[in-house]
Amino acid sequence: MEEKEKASVDWYKIITMMEKTLLVIIAFLTTYAVVVEIITVVSIRAVKLTDLLLLFIYAEVLGMVAAFYKFRKIPITVPIFIAITALCRLIILQGKGINTVDLLYESGAILLLALSALAIRWNLINLVRPKGEADRETE
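The structure reproduced in this document is the subject of the present report. (Residues numbered from 1 in each chain as written. Predicted model: local features only at pLDDT ≥ 70, side-chain atom pairs only at ≥ 80, totals over all residues. Heavy atoms only, no water.)

## Quick notes on the environment of Ile120
Assignment of secondary structure puts Ile120 in helix α5 (residues 100-128). On the accessibility criterion, Ile120 (24% relative accessible area) is partly exposed. Once the C-alpha coordinates of Ile120 and Ile76 are considered, the two residues, 44 residues apart in sequence, prove to be 8.2 Å apart. In this structure, Ile120 is in contact with Ile76, Thr77 and Ile80, ignoring residues within four places of it in sequence. (Helix = DSSP H or I, 4+ residues; strand = E, 2+ residues; numbered from the N terminus. Buried < 20%, exposed > 50% of the residue type's maximum accessible area, 1.4 Å probe, protein only. Contact = heavy atoms within 4.5 Å.)

Next up, the structure:
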């Protein structure tokens, strides 16, 4: 029986190790991208809003990796905020030449993501706070 246990592969440990390795690679590549972006901004000597939004996205990605290592989970609202920032950056990059229908779709997507983040946050607040506390605050 023990030989069978030793011979079997522990897939959970392998997948967990691959996940952690991938997160470290993501952190290093994100840091590299930040350095490249800063060098580009400094060499051009002009900071645009799209550059700042891109740096903000990089900061959020690093924050997600840090949150995973600190809490062993990634808050679902962080990727939603990254998506909102990326869509805002896309709208700004397209400039005045953007098609009206595309602008409506992209703004609708931002609104949908914002509402989903709000709904998730609302549910988390109501799940964490006991029902008795919520009732006492309204009195």
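## Looking at a nonpolar patch on the surface
A cluster of nonpolar side chains, contributed by Val9, Trp11, Ile14, Ile15 and Met18, occupies part of the molecular surface with about 530 Å² of accessible area. Within the secondary structure, Ile14 sits in helix α2 (residues 11-44). (Patch = residues over 30% accessible without salt bridge, like charges linked within 9 Å, V, L, I, M, F, W, Y side chains within 5 Å. Areas by Shrake-Rupley, 256 points an atom, 1.4 Å probe, with all protein chains shown as cover. Salt bridge = Lys/Arg side-chain N within 4 Å of Asp/Glu carboxyl O.)

## Quick notes on the environment of Thr30
Secondary-structure assignment places Thr30 in helix α2. A C-alpha to C-alpha distance of 8.5 Å links Thr30 and Ala59, two positions 29 residues apart in sequence. Every residue in contact with Thr30, bar those within four places of it in the chain, is listed here: Tyr58, Val61 and Leu62.

## What about α5?
With 29 residues, α5 extends 42 Å between its outermost C-alpha atoms, agreeing within 8% with the 42 Å of an ideal straight helix rising 1.5 Å per residue. Those residues of α5 that sit buried are Glu106, Ile110 and Ala117. (Expected span 1.5 Å × (residues − 1).)

## Regarding the packing of α2 against helix α3 (residues 49-71)
Between α2 and α3, whose axes approach to 10 Å, the crossing angle comes to 155 degrees. Between α2 and α3, the angle falls in the class roughly antiparallel. When the axes of α2 and α3 are compared, the crossing they make is left-handed. Within the contact of α2 with α3, the residues separate by chemical class into 16 nonpolar, two polar and four charged. (Axes fitted to C-alpha atoms, helices over the stretch in contact; angles between N-to-C directions. Parallel < 35°, antiparallel > 145°, perpendicular 65-115°, else oblique. Left-handed = near helix turned anticlockwise from the far one by under 90°. Nonpolar A, V, L, I, M, F, W, Y, C, P; charged D, E, K, R; others polar.)

## Quick notes on the side chain of Asp51
Mapped onto the fold, Asp51 is located in helix α3. Nearest to the buried, unbridged Asp51 among oppositely charged side chains is Lys48, at 4.8 Å. Excluding residues within four positions of it along the chain, Asp51 makes contact with Glu37, Val41 and Ala46. (Lys, Arg positive; Asp, Glu negative; His and termini not counted.)

## Section: the side chain of Thr77
You can see Thr77 is positioned in helix α4 (residues 77-94). A relative accessible area of 15% places Thr77 in the buried class. Excluding anything up to four places from it in sequence, Thr77 contacts Ala117 and Ile120.

## Section: unusual backbone geometry
A negative phi angle characterises most non-glycine residues, just as the trans form characterises most peptide bonds. Even without being a glycine, Arg45 presents a positive backbone phi close to 65 degrees. One non-glycine residue with positive phi stands out, namely Arg72, at about 65 degrees. Mapped onto the elements, Arg72 comes out in the loop between α3 and α4.

## A word on the packing of α3 against α4
The N-to-C vectors of α3 and α4 enclose an angle of 165 degrees; their axes lie 10 Å apart at closest approach. In terms of orientation, α3 and α4 fall into the roughly antiparallel class. Crossing of α3 against α4: the hand is left-handed. Only Val78, Pro79, Ile82, Thr85, Ala86, Cys88, Arg89, Ile92 and Leu93 of α4 make contact with α3, whose side of the interface consists of Leu49, Thr50, Leu53, Leu54, Phe56, Ile57, Glu60, Val61 and Met64. Taken together, the residues of the contact of α3 with α4 break down into 14 nonpolar, two polar and two charged.

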